[in-house]
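If you want the building blocks of each chain, they are given just below.
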Amino acid sequence: MGKASVYAIGVVLLICSIAVGNAEYVLYKDPKRSIPSRIKDLMSRMTLEEKIGQMTQIDRTVASREVMKKYGIGSVLSGGGSVPAPQASPEAWINMVNDFQRGSLSTRLGIPMVYGIDAVHGNNNVYKATIFPHNVGLGATRDPDLVKRIGAATARETRATGINYAFAPCIAVCRDPRWGRCYESYSEDPNVVREMTEIISGLQGEVPAKYKGVPYLAGQQNVAACAKHYVGDGGTTKGINENNTAVSRHDLLAIHMAGYSPSIIKGVSTVMVSYSSWNGIKMHANRDLITGVLKGYLRFRGFVISDWEGIDRITSPPKANYTFSIMAGITAGIDMIMVPYNYTDFINGLHTLVKNKFIPMSRIDDAVQRILRVKFSMGLFEHPLADNSMAKYLGHPEHRELAREAVRKSLVLLKNGKYADKPLLPLPKTATKILVAGTHANNIGNQCGGWTIEWQGKTGNITTGTTILTAIKNTVDKKTDVVFNESPDSSFVKSNKFSYAIVVVGEPPYAETFGDSLNLTLPAEGLKTISMVCASVKCAVVLVTGRPVVIEPHLPVMDALVAAWLPGTEGQGVADVLFGDYGFSGKLPRTWFKTVDQLPMNVGDRHYDPLFPFEFGLTTKAVKAN
Ligand code: GLC
């Protein structure tokens, strides 16, 4: 054999050996290896830039496959109402999420990104999703198992859109209903909030004994959860959103911290920091409570995420000194920053701080290890892309039935006057003619409240579901004439000789600071309808509000009063109970005040003089079908 042939064979053998070498074993990609060993191997391969990229979360509006690849971004989110298109289908959501993911998978190390969304009462940004009652209504059910089932359904409807991370549950303990986010809180009572962390076992799946206390995801029909907002978000002065919570350390731990330990034991993957301050110290800069208490004493092993522009608001005005904000937030122990727009400012700022040794590499490594621990525990490296197989779960009939059950159990009966020595409720299904009135009777947007389709929610026919009016029509006897008039005058009411009336009124949709209210009065239109109708005919008033409102002056004219909170899309649950197919069982999750100048006033306070006390709720029995 000539020299040339021997040489050629040698070259071929060398290329093959290189090729084989390139297909060498990569430990972090091996699902059979332990998560700690996969984290260690991957960390050892990462550059500082790649680590900082993992600590960065951006909104979908500034994300693209190219941006994900170039910066190695660790996470993308949909802020409230941030959708690929109005009324986008599950498939459109999946295509969008997968496109970003392909950018992440094309990076040097191929670390998949995690996509977060506020699925706080169902996958509520998404058109046709099942919208469950907001947390205040779930608190009224006192049913942790129900809430767990809602978590599982919410996870399926979130996965239906290709999304694997929900910024839920909010485990705030709202101590003042003047707070615009009080409906996101299960209760004023820390024990009720503690019980409702069971939703995490639904969202993420039930954590097996050996995994207790570490981030856990049962499978690809579950989503990573987020206990928020750490800590004391529900205790601010006068309920002013993002303001100061002036309480003792004892009360902070005994009241506002109540949900965090059970959440951690249940394997919650992430914790979101509160915008608020504790005794003047911004939570986003509070190293003692984030690193000392949450990561140290409570041994939280997932990752801590900031709120939206949360580090910007460490300074006043926000972003007055962004380098300082980055330094304060990362040093406090925050692991991932919800930037969400100017991500190069964050990336470059953090890089400079590390390079100049203002932030030690050990802090960066702690953050990235936590982020990777969550991603490995989610099975994200094995299942980075979504397929359309889950799309069928969006708005699934079984989920709507579950939401209807939750609505039924959330209703609190506050007054039930007697006629001919019979209580008004349950109402008779058979009557000659009945009136349904009020701004919230025939309005899906009003009955869902904030965080629905849009960040602030929106009045009107914004998604699919059953209005309370439709539910009433579905329930009464065919012979019963149901007349709807949103705001009737008294002559209309008198002239029609109705057998009885149902008045459904409440608050307009709102979210966060837009919901802060110092007077807590119902809109004038609703009050007018109550007086116009109830002065002339037997009336049951159904309040659709995110919290207790001023009602004492109007109570005498009402024959019956029901707190329905923010029931969501399944209004049938209201009619189920109004007409006796099911009994009233709900209990007040919050004290119902007489006047706002009593606030804050919570169960256990020395001076406690409510209109209706915490835990109050009249009951009725289901009426046997005749
Ligand atoms: C908001 C809220 C937080 C939410 C986040 C992302 O400002 O404070 O609850 O998860 O931003 O939308």
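Not measured: the values here are computed from a predicted model.

### A word on the state of the cysteines
Working definition of a disulfide: a covalent bond connecting the sulfur atoms of two cysteines.
Then, in step 1: If you walk through the whole model with that rule in mind, you get two disulfides.
Then, in step 2: A disulfide bridge connects Cys 174 with Cys 182, and the sulfur atoms are separated by 2.0 Å. Measuring the twist about the S-S bond at about -105°, one finds the Cys 174-Cys 182 disulfide to be left-handed.
Then, in step 3: Residue class for Cys 182 comes out buried when judged on its relative accessible area of 1%.
Then, in step 4: Put simply, Cys 534 and Cys 539 are joined by a disulfide, and their sulfur atoms are 2.1 Å apart. Taking the torsion about the sulfur-sulfur bond, which here is approximately 105°, the covalent link between Cys 534 and Cys 539 counts as right-handed. As far as burial versus exposure is concerned, Cys 534 and Cys 539 are alike and both buried.

### Brief notes about the packing of helix 13 (residues 322-332) against helix 14 (residues 343-355)
Then, in step 1: The contact between helix 13 and helix 14 brings their axes to 10 Å, and the two run at 70°. By the angle between their directions, the pair helix 13 and helix 14 is classed as roughly perpendicular. Where helix 13 crosses over helix 14, the two elements pack in a sense that is right-handed. Seen from helix 13, the contacting residues are Tyr 322, Thr 323, Ile 326, Met 327 and Ile 330; seen from helix 14, they are Asp 345, Phe 346, Gly 349, Leu 350 and Leu 353.
Then, in step 2: Here the contact of helix 13 with helix 14 is built from residues that sort into seven nonpolar, two polar and one charged.

### Some details on the domain arrangement of the protein chain
Then, in step 1: You can read the domains of the protein chain as domain 1 (3-393) and domain 2 (411-598).
Then, in step 2: At the junction of the two partners, domain 1 supplies 41 residues and domain 2 supplies 38 residues.
Then, in step 3: In total, domain 1 and domain 2 occlude about 2900 Å² of area from one another, counting both sides; carbon and sulfur atoms represent 53% of this.
Then, in step 4: The largest share of the area that domain 1 buries against domain 2 comes from Pro 177, Arg 178 and Tyr 183, three residues that together contribute 21% of it.
Then, in step 5: Seen at the junction of domain 1 and domain 2, the total is two salt bridges.
Then, in step 6: Between Glu 188 and Arg 590 there is a salt bridge; the shortest N-O distance is 3.9 Å.
Then, in step 7: In this structure, the connection of domain 1 to domain 2 is made through 23 residue pairs in polar contact (both at pLDDT 80 or more).

### Regarding the packing of helix 7 (residues 144-159) against helix 16 (residues 397-410)
Then, in step 1: Their axes nearest at 10 Å, the elements helix 7 and helix 16 cross at an angle of 145°. When you trace helix 7 past helix 16, the crossing you get is left-handed. Within the contact between the two elements, helix 7 uses Leu 146, Arg 149, Ile 150, Ala 153, Arg 156 and Glu 157 and helix 16 uses His 399, Leu 402, Glu 405, Ala 406 and Lys 409.
Then, in step 2: Its residues assigned to classes, the contact of helix 7 with helix 16 comprises five nonpolar, one polar and five charged.

### Quick notes on helix 7
Then, in step 1: With 16 residues, helix 7 should cover 22 Å at 1.5 Å per step; its first-to-last C-alpha distance of 23 Å lies within 8% of that length.
Then, in step 2: Residues of helix 7 that are buried include every one of Leu 146, Val 147, Ile 150, Gly 151, Ala 153, Thr 154, Ala 155, Glu 157, Thr 158 and Arg 159, and no others.
Then, in step 3: Against the buried residues of helix 7 lie strand 3 (114-117), helix 6 (135-141), helix 8 (190-196), helix 9 (198-203) and helix 16.
Then, in step 4: With a side-chain oxygen lying 3.2 Å from the backbone nitrogen of Asp 145, the N-terminal cap of helix 7 falls on Asp 143.

### Let's talk about the site of the ligand
Then, in step 1: Around the ligand, a shell composed of 13 residues is seen, among which Asp 118, Arg 181, Lys 228, His 229 and Asp 307 lie nearest.
Then, in step 2: Measuring from an oxygen atom of the ligand, one finds a side-chain N or O atom of Asp 118 at 2.5 Å.
Then, in step 3: Note that an oxygen atom of the ligand is positioned 2.6 Å from one of the side-chain N or O atoms of Asp 307.
Then, in step 4: When the free accessible area of the ligand is taken as 310 Å², the share hidden by the protein chains comes to 96%.

### Things to note about the sheet that holds strand 7 (residues 270-273)
Then, in step 1: Pairing is parallel across the open sheet formed by three strands, whose spatial order is 5-7-10. Across the chains shown, the open sheet's two edge strands, defined by having one partner strand only, are strand 5 (226-230) and strand 10 (303-305). Each adjacent strand pair in this sheet contributes to an overall mean axis angle of 25°, direction not counted.
Then, in step 2: In the sheet, strand 7 pairs with strand 10 via three bridges, with the strands oriented parallel.

Rules and cut-offs
Residues numbered from 1 in each chain as written. Predicted model: local features only at pLDDT ≥ 70, side-chain atom pairs only at ≥ 80, totals over all residues. Heavy atoms only, no water. Disulfide = S-S within 2.5 Å. Buried < 20%, exposed > 50% of the residue type's maximum accessible area, 1.4 Å probe, protein only. Axes fitted to C-alpha atoms, helices over the stretch in contact; angles between N-to-C directions. Helix = DSSP H or I, 4+ residues; strand = E, 2+ residues; numbered from the N terminus. Parallel < 35°, antiparallel > 145°, perpendicular 65-115°, else oblique. Left-handed = near helix turned anticlockwise from the far one by under 90°. Contact = heavy atoms within 4.5 Å. Nonpolar A, V, L, I, M, F, W, Y, C, P; charged D, E, K, R; others polar. Domains from an automatic or database assignment. Buried area = accessible area lost by both parts, 1.4 Å probe. Salt bridge = Lys/Arg side-chain N within 4 Å of Asp/Glu carboxyl O. Polar contact = N/O pair within 3.5 Å; in protein donor to acceptor, adjacent residues only side chain to side chain. Expected span 1.5 Å × (residues − 1). Near = heavy atom within 4 Å. Areas by Shrake-Rupley, 256 points an atom, 1.4 Å probe, with all protein chains shown as cover. Pairing = 2+ DSSP bridges.

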